[in-house]
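# Chain and residue survey
For reference, the chains in residue letters:
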Amino acid sequence: MQIPFFDSDGEGEKWLRDHPYYCAKPFYSKTYEQDNKVSWCCHWTKPFNINEFNSFNREIFHNNKPINGCEFCYSVERSGGLSERITESIDALVRKPHYMESPMPSHMYIRFSNLCNVSCRMCDETQSTLWDKVNNKGYGLHEISDANWQCIQQDIQCVDDNGSSVIKEVHLFGGETLLSKRLPSLLRMLDPDVSLTLSTNCTIYKSTVFNLLSRLNRVDFMLSIDGFGLLNNYLRYPSKWTNVKRNVDKFFNYDFNFIATPAINVYNVLYMRELINFYEPYMNNGVNITITPQFCWEPDWMSIDVLPSYILEEIRLEINELRSHRIFEAFPVATEGLLNCFNTITSMKSKWSDGGWASFKENTAFWDATQDMKFSSVCSKLHTLIEKNSAIL
C-alpha cells in the first residue's frame, strides 16, 4: 500500500478513515515502558524486548486488515472519538513527513515508573502506586530497568550526518513525571532543539527541574486538571485545589506551551464551563494555553456513554450552549481541540446497560467512602438528572 502525505488535517483524516488499520506510529516512534518492554505505542497490547522491537515486520500495517494489539484505538473510533492512530498519524503525514523517512525512530515515549502521589479514579495500578494502594491491587512500584535506561541514553546521544539529534521529540508520561529520579539526568542530556512533552497532575513544583526544562527550545507542558475546585479534589484524590492553583500560578511564569488536557468523563462533562472560565483569564493575560480535552474511555463505567439517552440529551443542550462562550472568538486556534471535543460529545450514543450502571454506582460509592465526599453534593447537576428518573435507573 502506498502511503501518501497530505496538505491538510482534513485530507489526512479522510484517508485514515478509509484505511482504518493503517498507523504511522510503528514507523517513527519508540516507547520505553516501566515493565522494561518496548513498543511504538502505550496502547499496543503486545510489547517487545528491544531485539524483537527492532526486527518486527511492520508491513502488517500496510495490509489494511485488523491488527491484533491495536484494539484500543479501534474501540475509540467505534465510539465516535479521535483515536491516537488518527491524531498521531495525521501529525506525521501532514506536518512531519521527514519522521517517516528516518531509518531510526524520531519520536521517543518514556514511562519512567508508575510512581504517583495521586489516585485518580480513572487510573489503574500500572500508572499510579497510590491508586494501587487504595484499591489493594498489590502491584507495587515498577521502574524502568537500568538496561532500558542505557538504551534511552544511547538513543538520545545518536546524531545524524549533520550532527543533529536523531531523536526530535521526547514525550514523558507516568506515574507522575515530576517525581521521577531520572528526570533531571534526562533533561541534562537532551539537545536543546529536541521538543519535549510532559504531563503532570499539577501537585508538584520543583524549581531545579523547571530550570532544566527552560534550557529546551520547546516544551509542551500538559496540565492534567479534570475539574475546577472541589471537583478536582473529588476526581484526583488526595489532590487539593489550593495546591494545584498555587503550582499552576508558578508554572505560568515559564515560557512553555501549556496544553490543558482534562479527561472528560461522566462526572465532569457537565462542569466544563467552570474549567474554561478558570483558564480564560490566564489566556487573556498572554499565557500560551491550548485547551485540548481527552476522553476517559476506560474504565467503561466512567465513560460518558454509560449514561442513559435522556441524560446525554441534557448534556448536548449544555454543550451546545457552551459553543457561544467568548473564549472561542478570542482564541480560535487554542480552542480548536475543545470544539472537536464538543462535536464528539454531542454525537455520542448511549451504551447504557444494567451492568454498566451498576458498576458506576458501585465505584462511585467506593470512592465516596474512600474520600469522605458525596457525589450528590460535588456533582449535583448529574445527581439531580439521575434522581428525576430514578425509577428508570
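Preceding this section is the structure that the text describes.
This section reports on the structure supplied with the text. Values in this document were obtained by computation on a predicted structure and should not be read as measured data.

About the criteria used
Residues numbered from 1 in each chain as written. Predicted model: local features only at pLDDT ≥ 70, side-chain atom pairs only at ≥ 80, totals over all residues. Heavy atoms only, no water. Buried < 20%, exposed > 50% of the residue type's maximum accessible area, 1.4 Å probe, protein only. Helix = DSSP H or I, 4+ residues; strand = E, 2+ residues; numbered from the N terminus. Arc of directions from axis to C-beta. Salt bridge = Lys/Arg side-chain N within 4 Å of Asp/Glu carboxyl O. Pairing = 2+ DSSP bridges.

Those residues of helix H3 (residues 71-78) not exposed but buried are Cys73, Tyr74, Val76 and Glu77. Around the axis of H3, the buried residues are gathered within 160° of arc, so they sit on the same side. Downstream of H3 by one or two residues, Gly80 has phi in the positive range, about 95°.

The next subject is the pattern of salt bridges. Taken as a whole and assessed by the stated rule, the structure comprises 22 salt bridges. A salt bridge links Asp9 to Arg95, with the nearest nitrogen and oxygen atoms 2.8 Å apart. Residue Asp9 is located in helix H1 (residues 9-18), and its partner Arg95 is located in helix H4 (residues 84-95); the two are separated by 86 residues in the primary sequence. Of the charged contacts, one joins Glu318 and Lys381 as a salt bridge, the two residues approaching to 4.0 Å between their closest N and O atoms. A residue pair is termed long-range when its members are at least 10 positions apart, and Glu318 in helix H13 (residues 309-322) and Lys381 in helix H18 (residues 380-388) qualify at 63 residues.

With that settled, consider the sheet that holds strand E1 (residues 29-32). Two pairing modes exist for strands in a sheet, parallel and antiparallel, and in both the strands are linked by backbone hydrogen bonds. Ordered in space as E2-E1-E3-E5-E6-E7-E9-E11, the eight strands form an open sheet in which the pairing is mixed. The sheet is open, and its two edges are formed by strand E2 (38-39) and strand E11 (289-291), each paired on a single side. In the sheet, E1 pairs with strand E3 (residues 107-111) via four bridges, with the strands oriented parallel. Paired with Thr31 across the two strands is Tyr109, which belongs to E3.

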